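# Remarks on the overall topology
Here's the letter readout for the chains.
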Amino acid sequence: MAVLLVWPWRVAGAESPLPRPRIGLVLSGGGARGAAHVGVLKVLEELKIPVDVITGTSMGSAVGGLYATGLTAAELETIFTRFDWVGAFTDSPPRRDLSFRRKEDDRTFLVKARIGLDGGKVQLPRGFVEGQNFVMELRKLSHVTESLPSFDQLPIPFRAMATDLETARPVVLDKGDLVMAIRASIAVAPLFSPVKMDGRLLVDGGYLRNIPVKTAKDMGADRLIAVNIGTPLSQEKDMRSVFDVFSQVSRLGGQVQDRRQIAELGPEDLLILPDLEGYAFTDFAKIPEIVARGEAAARAVAEPLKNFSVSEEDYRRWRGSLAKGPTLPVVDSIEFVNGTRISDNVFLPFIRQRLGALVDPAQLQKDLAQIYGFGYFEFLNYHVDTRDGKKVLVVDAPRKSWGPDYLRLGLKIAEEFDGDSAYAVLARYQKTEINRYGGELNVDGNIGTNSKVDAEWYQPIGQAPRWLSYGAPYFASFQGGYGQENDPVRFSKGSEIPFEFLTGEVSPSVGRTLGNWGRIRTGLKWDWETYQTPLISGEQSGVTRSDVFLRLDLDTLDAPGFPRHGIIGSLEGRTAATVLGGEARGSLFDGNLGAARSWGADTFQARLQYGTNLNSDAQNPHFLRLGGFLNLSGFSHNSLIGTETALTQLRWNRNVGSLAAWPLYVGSAVEWGGAWNRQQEITLSSGYWCGSLYATLDSGLGPTYLALSQTEQGIRTVYLYVGQAF
């Protein structure tokens, strides 16, 4: 019996060693708590414990799958502590990888979600995250690019657990694409969308088999080391609200399943239970601490673990016997499996993988992020097929299942608690895939205190050369809009008088993108404006204009709402083209430039804005306007009007933590500016100085500010502001 308990490698006096029992490692799911598995693996390696088979669920499948490819515990610890978990659990590529067109959308609509429209029917995605960035990171880390006939061919045989969403049965993933098997195993709803594999719709394996003991035994394991990092049930003293009770109830079924699976462990098996009290499944910022908790739990059972150990020589022999890990193949050709109407030629220039060279996962991750940033695809993945002895890099690009037309919604609030207020509900209908070259139609509506409707047909022109990796270099655009604004106007330094403005514009243009950092365009603008105030006269006054314009736009910001670095700006010149029928004469220059730079938690932003009429008809100039929060704070929205405007602004923001998982900032701003009717009037003393203090939240609706502003004239304003402010 003692021999059975300790599994000695030799019987005294025997001339040859007994066959070593096969050791299986069972890793449960639990989100960020799964990093404890890495700590356990560190101790197993120290104690010279060979691992012959691995089964894993959810995050356990990620740890186990990577370990099965031949990575060491030390390498896994480095990966998990340096991994960009926030980025991995979002689909959007870094803003620096977006095309300039998509950057514009990013700033206009800060609410990221897009509602799908197909034949007038509303459609929603199956999950909040498709896992695009997560899959690309796993590809890069594992070097797995080819489908395997069996996961037994990995250095350590491996199985991942998933759940069939249609049949409510556990699914053992034992072959195919290792990365997608892990992705299916972590598809916890509704965070991750389900994964379609071999005709089955799969979600997280933890729903039915979080501790896959039986699967490890089916793989031939004689003894098991199981690690359970699932969240335990709460005690009565911790259930203080309806949310606590709901959370407890939602875990009951899983706890029953876990107990059944733990009961399948035999007397020679070992269960490790890391102490993870206080760590939630979302605590990815605490990965190093969680790894340490797993290591401590394994050290606490070091004596029982030693029954699994082998000698130094046997352990070295086991390591040396492992099959070679996945290697990167040489690419002979590239195939783009395109699920949209848009031509492959629009996307292929983005893929900079060289033929005749090894697959470059890091470069492919960047390239596919840029393609994904177009917004046409549900996800982008790649694998390598062998066809007639040649290696074909296949890029899978299925069309979004909730497209191809979309609705985006937003909200803008500018509440001045003791003065003017403005509210607006924003909506955009976007029709994509109009033609094979990527033409699209945007219709924007703004309903509220001020109302407006705009429409634009945007047509890319030409195929991008391979060195230009941000789409077609040229474009044509046709824009039109009509709006009504009700804003007070401040004359000189007196009181504000209410005005109603009606504006309209039609503008065809052509242009060229400048990489993804800028755009230059030229064209025509026909616009008209009428205005009236009930305090002076009921009669309307107005003007029509026809101009030729040239405009340059720049944007390298890393984020639209709270950028930490980068620049943004525009320069536009307009001159009257009377042959086209406009009444006004003269020219206009309008420029705006902002920059952000960060050190640690502190971000400093600067902004310069200047507009001037050049030789304009004194009766019909271009009127320029300022006023509103962080647009000369303290004054009502657009209440300063003139033919010349200037604004300088310095801001400081500091990240002080989070509120409801949203980043929280405090900050201040100093501004100087004004509006004048002649350039000669612009002096330092004729402008207005303003200062602001604020707290702001990067919420799901966009930047949300609570601010106190005051001008040098003593105008004090308290703001609640939701919307873009830089």
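Rules and cut-offs
- Every chain's residues receive numbers from 1 upward, in the order its sequence appears when written.
- Confidence filtering applies because this is a predicted model: local features only for residues at pLDDT of at least 70, side-chain atom pairs given and counted only at 80 or more, and all residues used for totals across whole chains, interfaces and linings.
- Where side-chain values are given, they derive from all heavy atoms of the structure, hydrogens and water being excluded.
- The numbering of helices and of strands both runs from the N terminus, where a helix is a DSSP run of H or I of at least 4 residues and a strand a run of E of at least 2.
- Should any heavy atoms of two residues lie within 4.5 Å, those residues are considered in contact.
- The Shrake-Rupley method, run with a 1.4 Å probe, gives the accessible areas here. Residue values count only the displayed protein chains as cover.
- Charge assignment: positive for Lys and Arg, negative for Asp and Glu; neither His nor the chain ends contribute.
- Taken as the charge centre is NZ of Lys, CZ of Arg, CG of Asp or CD of Glu, depending on the residue.
- The residues that make up patches have over 30% relative accessible area and no salt bridge, and they are joined within 9 Å when like-charged or within 5 Å when they are Val, Leu, Ile, Met, Phe, Trp or Tyr.
- Any Lys or Arg side-chain nitrogen located within 4 Å of an Asp or Glu carboxyl oxygen qualifies as a salt bridge.
- Here the term buried applies to any residue with accessible area under 20% of the maximum for its type, exposed to any over 50%, and partly exposed to those in between, with areas from a 1.4 Å probe on protein chains only.
- Buried Ala, Val, Leu, Ile, Met, Phe, Trp, Tyr and Cys residues form a nonpolar core when they are joined through side-chain atoms within 4.5 Å.
- Here a Phe, Tyr or Trp ring, Trp counted by its six-membered ring, pairs with any other such ring whose centre lies within 6.5 Å, and the pair is stacked when the planes are under 30 degrees apart, edge-to-face when over 60, and tilted otherwise.
- Note on criteria: charge over ring means Lys NZ or Arg CZ within 6 Å of the ring centre, with the direction from the centre no more than 35 degrees off the ring normal.
- Counting of polar contacts relies on pairs of N or O atoms within 3.5 Å, with two restrictions inside protein: one atom must be capable of donating a hydrogen and the other of accepting it, and residues adjacent in sequence are counted only when both atoms are side-chain atoms.
- Fitting a line to C-alpha atoms yields each axis, with helices limited to the stretch in contact; the angle taken between N-to-C directions then spans 0 to 180 degrees.
- Think of it as three bins: nonpolar holds Ala, Val, Leu, Ile, Met, Phe, Trp, Tyr, Cys and Pro, charged holds Asp, Glu, Lys and Arg, and polar takes everything else, Gly as well.
- Along the chain, pLDDT gives the predictor's confidence residue by residue, from 0 to 100.
- Note on pairing: two strands pair once DSSP finds at least 2 bridges between them.
- If an angle is under 35 degrees, it is roughly parallel; if it is over 145, roughly antiparallel; if it lies from 65 to 115, roughly perpendicular; otherwise it is oblique.
- The handedness criterion is simple: a crossing whose near helix is rotated anticlockwise from the far helix by less than a right angle is left-handed, and one whose near helix is rotated clockwise is right-handed.

## Observations regarding the overall build of the chain
Along the chain, the regular secondary structure elements total 15 helices and 31 strands. A principal-axis box enclosing the C-alpha atoms of the chain has dimensions of 110 × 65 × 45 Å. Across the chain, the fraction of contacts at a sequence separation of at least 24, relative to all contacts at a separation of at least 6, is 64%. With the model as given, the accessible surface of the chain reaches about 32,800 Å², and the carbon-plus-sulfur share is 58%. For the chain, the centre of its 76 positive side-chain charges and the centre of its 82 negative side-chain charges are spaced 3 Å apart.

## Topic: unusual backbone geometry
Pro-190 follows Ala-189 through a cis peptide bond whose omega is 0°. Of note in this structure, Ala-168 is not a glycine but carries a positive phi near 60°. Assignment of secondary structure puts Ala-168 in the loop between strand S5 (158-164) and strand S6 (169-173). A positive phi angle, close to 55°, is found at Asn-638, a residue other than glycine. Tracing the backbone through its elements, the reader meets Asn-638 in the loop between strand S25 (624-626) and strand S26 (640-642).

## Thoughts on a nonpolar patch on the surface
On the surface, a nonpolar cluster with roughly 360 Å² of combined accessible area is contributed by Phe-417, Leu-706, Leu-708 and Val-718. Mapped onto the elements, Val-718 comes out in strand S31 (residues 716-722).

## Brief notes about the pattern of salt bridges
Between side chains of opposite charge, a pair can form when the charged atoms approach closely. Using the criterion set out here, one finds 43 salt bridges in the structure. Note that Arg-545 is salt-bridged to Asp-527, the shortest N-O span being 3.4 Å. With Arg-545 in strand S21 (residues 537-555) and Asp-527 in strand S20 (residues 518-533), this residue pair connects regions lying 18 residues apart in the sequence. Each member of the pair, Arg-545 as well as Asp-527, carries the same accessibility label: buried. Salt bridges here are not isolated pairs; linked through shared partners, they connect Arg-101, Arg-102, Asp-105, Arg-428, Glu-440, Asp-444, Glu-456 and Arg-521.

## Some thoughts on the nonpolar core
In this structure, Phe-80 and Leu-305 are the most contacted members of the largest nonpolar core, which totals 97 residues. Apart from the residues within four sequence positions on either side, Phe-80 is in contact with Ala-35, Val-38, Met-59, Val-63, Leu-66, Trp-85 and Ile-287. Counting residues in hydrophobic clusters, the runner-up holds 13 residues, among them Phe-562, Leu-630, Tyr-719 and Ala-725.

## Digging into the packing of aromatic side chains
Aromatic ring pairs are reported here in terms of the distance separating the ring centres and the angle at which the planes meet. Under the definition given, this model contains 30 aromatic pairs. Ring-pair connections join several aromatic residues into one group, and the members of that group are Phe-80, Phe-83, Trp-85, Phe-89, Phe-134, Phe-192 and Phe-284. Across from the ring centre of Tyr-458, 3.9 Å away, lies the NZ or CZ of Arg-101, which sits over that ring. The ring of Tyr-382 is capped by Arg-139, whose NZ or CZ atom sits 5.5 Å from the centre of that ring.

## Here we look at the environment of Arg-223
Considering the arrangement of structural elements, one finds Arg-223 in strand S9 (residues 223-227). By relative accessible area, which is 4% here, Arg-223 ends up buried. C-alpha of Arg-223 to C-alpha of Leu-25: the two residues are 198 residues apart in sequence and 8.8 Å apart in space. At 3.2 Å, the side chain of Arg-223 and the backbone oxygen of Asn-307 are in polar contact.

## Structural notes on the side chain of Thr-69
Relative to the helices and strands, Thr-69 resides in the loop between helix H3 (59-68) and helix H4 (73-82). Take Thr-69: its relative accessible area is 7%, and that puts it in the buried class. With sequence-adjacent residues up to four places away left out, Thr-69 is seen in contact with Ser-142, Val-144, Leu-154, Pro-155, Leu-178, Gly-325 and Pro-326.

## Section: the packing of helix H2 (residues 36-46) against H3
Contact pair H2 / H3: the axes reach a minimum separation of 10 Å and the direction vectors enclose 35°. Contact residues: H2 offers His-37, Val-38, Leu-41 and Glu-45, while H3 offers Gly-60, Val-63 and Tyr-67. The residue inventory of the contact of H2 with H3, partitioned by class, reads 4 nonpolar, 2 polar and 1 charged.

## Topic: H2
Along an α-helix, residues three or four positions apart point the same way, because every turn accommodates 3.6 residues. Counting buried positions along H2 gives 10 out of 11 residues, so the element sits mostly inside the fold. Among the residues of H2, those classed as buried are Ala-36, His-37, Val-38, Gly-39, Val-40, Leu-41, Lys-42, Val-43, Leu-44 and Glu-45. Within two residues after H2, Lys-48 carries a phi angle of roughly 60°, on the positive side.

## Points about the confidence of the model for the chain
Summary statistics for the chain give a mean pLDDT of 85 and a share of 91% for residues scoring 70 or more. Across the chain, the element-wise mean pLDDT spans from 29 in helix H1 (residues 2-6) up to 96 in strand S2 (residues 53-57). Confidence drops under a pLDDT of 50 for residues 1-18, and excluding neighbours within four residues, the segment shows 20 contacts in the predicted structure.

## Some remarks on the sheet that holds strand S12 (residues 381-387)
The sheet built from 3 strands is open, its strands ordered S11-S13-S12 with mixed pairing. On the outer flanks of this sheet lie strand S11 (333-338) and S12, each paired with one strand and no other. For this sheet the average axis-to-axis angle between neighbouring strands, irrespective of direction, equals 25°. Two strands pair when backbone bridges link them, and S12 and strand S13 (residues 390-397) are joined in this way by 7 bridges, in the antiparallel orientation. By the bridge assignment for S13, Val-384 is matched with Leu-393.

## Structural notes on the pairing of strand S17 (residues 451-461)
The pairing of strand S16 (residues 440-448) with S17 spans 7 bridges and is antiparallel. Looking at S17, one finds that Leu-441 is bridged to Trp-457. Linking two consecutive strands that pair antiparallel, namely S16 and S17, is a turn of 2 residues.

## Comments concerning the side chain of His-37
Positionally, His-37 belongs in helix H2. Aside from chain neighbours lying at most four places away, what touches His-37 is Leu-27, Ser-28, Gly-60, Val-63, Val-227 and Ile-229.

## Considering the environment of Glu-335
Inspection of the secondary structure assignment puts Glu-335 in strand S11. Overall, Glu-335 belongs to the partly exposed group, its relative accessible area being 29%. As for Glu-335 and Asp-396, which are separated by 61 residues in sequence, their C-alpha atoms are 8.6 Å apart. In this structure, Glu-335 is in contact with Arg-387, Val-392, Leu-393, Val-394 and Val-395, ignoring residues within four places of it in sequence.

## Points about the packing of helix H7 (residues 132-142) against helix H15 (residues 361-372)
Look at H7 against H15: their axes get within 9 Å of each other, and the N-to-C directions meet at 165°. If you check the angle between H7 and H15, you find them roughly antiparallel. Crossing geometry of H7 relative to H15 is assigned as right-handed. Across from Gln-132, Asn-133, Met-136, Glu-137, Arg-139 and Lys-140 in H7, the residues of H15 making contact are Pro-361, Ala-362, Gln-365, Leu-368 and Tyr-372.

## Re the environment of Lys-48
Assignment of secondary structure puts Lys-48 in the loop between H2 and S2. You can call Lys-48 partly exposed: its relative accessible area is 21%. As a C-alpha pair, Lys-48 and Pro-329 span 281 residues in sequence and 33 Å in three-dimensional space. Those residues in contact with Lys-48 that lie beyond four places of it in its chain are Ser-309, Val-310, Glu-312 and Tyr-315.

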